[in-house]
Amino acid sequence: MSKENLTHLEAIKKIKELSESAKICMFCTELETLPINSRPMGLQETDDEGNLWFISSDESNKNFEIKDDRRVQLFFMNNSDYQYLSVFGEASIYKDKTTIEDKWSPMAKAWFEEGKDDPKVSIIRVEPSETYYWDTKVGKLVSLFNFVSAAVTGKTTDNSDGVEGNATI
């Protein structure tokens, strides 16, 4: 696997591509406490500045934990395309109607009885400070072939069909 570090616009594009392709991440809080608290969260969007947005209940443990320590770690996995993304950053919680209106999704209604007007609705923005990605460029079939071929021949694979690296905004 080759190493390719991305900066600014390329990094934002890669973060947006991988996070929106996966759609679900493990959202981790209280990073200094073991075991780390994590839960699956659905991404609403990754904006043009690389910020990741989520809808959450203001009464959730996650929100309480963010109020104590804004540092979070997100792990996205798109196994079908062999794409992975790790995002470390700071979370901010929004309760204003404008942000809720802008980020609301009809799917969130399943968690909030009163929809976007529910007083428990909050929006979380994660601003990345460090990210790392793994992306198989040539796709699953070629990757699988390379690994099977290596296993059959007894040779090792250099896994050169993919790329990994830092994505710094």
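Placed above this text is the structure.
Residues numbered from 1 in each chain as written. Predicted model: local features only at pLDDT ≥ 70, side-chain atom pairs only at ≥ 80, totals over all residues. Heavy atoms only, no water.

K.L.:
Would you mind going over the nonpolar core with me for this structure?
P.N.:
Most often, soluble globular proteins have nonpolar side chains that are buried together. Within the largest apolar cluster, 23 residues are counted, with the highest numbers of intra-cluster contacts made by Phe27, Leu52, Phe54, Leu74, Phe76 and Val126. Those elements giving two or more residues to this core turn out to be helix 1 (8-22), strand 3 (24-29), strand 6 (52-57), strand 7 (71-78), strand 8 (83-94), strand 9 (121-136) and strand 10 (162-168). Ranked by residue count, the leading element in this core is helix 1, at 4 residues. Apart from the residues within four sequence positions on either side, Phe76 is in contact with Ser19, Ala22, Ile24, Cys25, Leu43, Leu52, Phe54, Gln83, Tyr84 and Leu85. Of all hydrophobic cores here, the second largest spans 8 residues; its members include Ile55, Ile100, Phe112 and Ile123. (Core = buried A, V, L, I, M, F, W, Y, C linked by side-chain atoms within 4.5 Å. Buried < 20%, exposed > 50% of the residue type's maximum accessible area, 1.4 Å probe, protein only. Helix = DSSP H or I, 4+ residues; strand = E, 2+ residues; numbered from the N terminus. Contact = heavy atoms within 4.5 Å.)

K.L.:
Honestly, the layout of surface pockets in this entry has me stumped. Any pointers?
P.N.:
Any empty space left between the atoms is revealed when a probe the size of a water molecule rolls over them. Here the largest pocket defines a volume of roughly 400 Å³. If you trace the largest pocket, you find 17 residues lining it, with Met41, Gly42, Gln44, Ile55 and Trp111 closest to the centre. Mapped onto the lining of the largest pocket, the elements with two or more residues apiece are strand 4 (37-42) and strand 6. Class assignment for the residues of the lining of the largest pocket results in 9 nonpolar, 6 polar and 2 charged. (1 Å grid on protein atoms, 1.4 Å probe; cavity = no way out; pocket = protein on both sides within 12 Å on 5 of 7 lines; lining within 4 Å. Points joined across faces, edges and corners; volume = space filled by probe spheres on them. Nonpolar A, V, L, I, M, F, W, Y, C, P; charged D, E, K, R; others polar.)

K.L.:
Would you mind showing me how to read the pattern of salt bridges here?
P.N.:
Close approach of charged atoms allows side chains with opposite charge to pair. For the structure shown, the criterion picks out 13 salt bridges. Among the salt bridges present, the one from Glu32 reaches Arg71, with a minimum N-O distance of 3.0 Å. With Glu32 in the loop between strand 3 and strand 4 and Arg71 in strand 7, the pair connects residues that are 39 residues apart, well separated along the chain. When salt bridges with common partners are traced through the structure, they connect Lys14, Glu17 and Asp135 into a single cluster. (Salt bridge = Lys/Arg side-chain N within 4 Å of Asp/Glu carboxyl O.)

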